[in-house]
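# Notes for the structure review
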Amino acid sequence: MHAIPFVNLHRQYENIGREINEAVADVIKRQNFINGPVVREFSAVFNAAIGAAHGFGCSNGTAAISLALEALGVGRGDEVITVAHSFFATVEAIYHVGAKPVFVDIDPQTYTIDLSKIEVTPRTKAIIPVHIYGNPADMDPLMALAAKQGLYVVEDAAQAHLASYRGRCAGTIGDAGTFSFYPGKNLGAYGDAGFVTARNPDVARLLSSLIDHGRQSKYTHDIIGYNQRMDEIQAAVLKVKLSYLKSWTDRRRQLAERYDSALRRDGFKTIVSFEGANPVYHLYVVEVANRDNVLESLRAAGIGCGVHYPVPLHQQPALLNGDGKGVSLPVTERVAGRILSLPICGDLTDAEQDRVIEAFLKTARP
Ligand SMILES: *Cc1c(COP(=O)(O)O)cnc(C)c1O
């Protein structure tokens, strides 16, 4: 029996490769790779797809977060509240602008920030909720809390393309929103790429300038910026893929529903969403009591799987003697020892999923 990869990018390329090849060849024919028309076109269609007021392609999802923080004026001496249940980039970006991360625990049902644990100090300047696994954080009460305390909200929507919360897309609700187009994300480039949105037009202008050397025009630079641009080839790939994202997302939701009904019947805990939230299942995560055994038996059956993420950010070696020291996050820590990610992507077949479910149920204990 054939192996089932965790994410089947080969199959995706078999299905849409001709279109991708043409789009990339067009860019190469034009020989205009930087600050060309395709990045602008892609940015416009992605903004329209998520309903963002302003948004720009950029180099990657990590840069998107630090650019958003910098454009909002978050920097040295400021504290940024976020979760430790995320990819390392979320906290790295906070350090990149010179600010200090303050970790809060997560809600055990949704795996997103637990608003009841937030403690605002006079130094708190922003909150970064992470829509982990494409599951939206509880944005209405979060925005209310932020407004009351005068804090900025930067949504880390790296895993949440087209996820929605009460009619609005993830990444368009806060002051800024950030996306990653890392190849394995729901919308993936053929290399690194990212996106950053802003609600306020002045913040948006600053973002677009920061992304491209603080430029005002070709030879004048208003501010000290960065080279954090998206390139034309990535934009061409993303523009083709964006036209399929809705149908890939529908398929992910269908697969998640099939997993849910098979696994919950046997008492397993899977992702729950807030009322009015529509997740996009970047990852399909289930908790198990015997993770090492399950990982081993799935791998032996040729089934790709993973753990997202086994080491919480406050326990990462880079933070252990700094801002992670003495931090206790009981839910985050417990969940990190129990979660397991099963294959899910727009190109997984029902038959493949049935094999995954069968292999999983053979060894896993809730
Ligand atoms: C992927 C990811 C990032 C970083 O994106 P890159 O494009 O790899 O820099 C940030 N936050 C989360 C939650 C992610 O999953």
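Reference entry: report on the structure contained in this document. Being a predicted model, the structure only gives us computed values, none of them experimental. (Residues numbered from 1 in each chain as written. Predicted model: local features only at pLDDT ≥ 70, side-chain atom pairs only at ≥ 80, totals over all residues. Heavy atoms only, no water.)

### With respect to the sheet that holds strand β3 (residues 100-104)
Here we have seven strands laid out as an open sheet, ordered β1-β9-β8-β5-β4-β2-β3, and mixed in their pairing. Of all strands in the sheet, those bounded by a partner on one side alone are β1 (54-58) and β3. Taking the axes of each pair of neighbouring strands and ignoring which way they run, one obtains an average angle of 20 degrees across the sheet. By the bridge criterion, four bridges tie strand β2 (residues 79-83) to strand β4 (residues 124-128) in an arrangement that is parallel. By the bridge assignment for β4, Val-80 is matched with Ala-126. The strands that helix α3 (residues 61-71) touches are β1, β4, β5 (152-156), β8 (176-180) and β9 (194-198); relative to β8, the one it contacts most, it runs at about 165 degrees. (Pairing = 2+ DSSP bridges. Helix = DSSP H or I, 4+ residues; strand = E, 2+ residues; numbered from the N terminus. Axes fitted to C-alpha atoms, helices over the stretch in contact; angles between N-to-C directions. Contact = heavy atoms within 4.5 Å.)

### Some thoughts on the packing of α3 against helix α6 (residues 201-211)
Interaxial distance between α3 and α6 falls to 9 Å at its minimum, and their mutual angle equals 130 degrees. One element, α3, and the other, α6, form an angle in the oblique class. When you trace α3 past α6, the crossing you get is right-handed. Residues Leu-67, Ala-68, Glu-70 and Ala-71 of α3 touch α6, and the partners they reach there are Val-203, Leu-206, Leu-207, Leu-210 and Ile-211. Among the residues forming the contact of α3 with α6, the class breakdown is eight nonpolar, no polar and one charged. (Parallel < 35°, antiparallel > 145°, perpendicular 65-115°, else oblique. Left-handed = near helix turned anticlockwise from the far one by under 90°. Nonpolar A, V, L, I, M, F, W, Y, C, P; charged D, E, K, R; others polar.)

### Considerations on the sheet that holds strand β12 (residues 269-270)
On the basis of which strands lie adjacent, the open sheet formed by three strands has the order β12-β14-β15 and antiparallel pairing. The sheet terminates laterally at β12 and β15 (339-342), the two strands that pair on one side only.

### A word on the site of the ligand
Residues in close proximity to the ligand total 14 residues, the closest being Gly-61, Thr-62, Gln-159, Ser-180 and Lys-185. Separating an oxygen atom of the ligand from a side-chain N or O atom of Lys-185 is a distance of 3.0 Å. Coverage of the ligand by the protein amounts to 93% of the 380 Å² it exposes when considered alone. Here the ligand is seated within the largest pocket. The class makeup of the residues in the shell around the ligand is five nonpolar, seven polar and two charged. (Near = heavy atom within 4 Å. Polar contact = N/O pair within 3.5 Å; in protein donor to acceptor, adjacent residues only side chain to side chain. Areas by Shrake-Rupley, 256 points an atom, 1.4 Å probe, with all protein chains shown as cover. 1 Å grid on protein atoms, 1.4 Å probe; cavity = no way out; pocket = protein on both sides within 12 Å on 5 of 7 lines; lining within 4 Å. Sits in = over half its atoms within 2 Å of the grid points.)

### Quick look at unusual backbone geometry
Between His-308 and the following residue, Tyr-309, the backbone shows a cis peptide bond with an omega angle of 10 degrees. Topologically, Tyr-309 is positioned in the loop between α8 (291-300) and α9 (317-320). For Asn-35, which is not glycine, the phi dihedral falls at a positive 55 degrees. Looking at the secondary structure, you find Asn-35 in the loop between α1 (9-30) and α2 (37-50). The class for Asn-35 is partly exposed, based on a relative accessible area of 41%. A positive phi angle, close to 65 degrees, is found at Tyr-111, a residue other than glycine. (Buried < 20%, exposed > 50% of the residue type's maximum accessible area, 1.4 Å probe, protein only.)

Distances and angles like these do not, on their own, reveal function.
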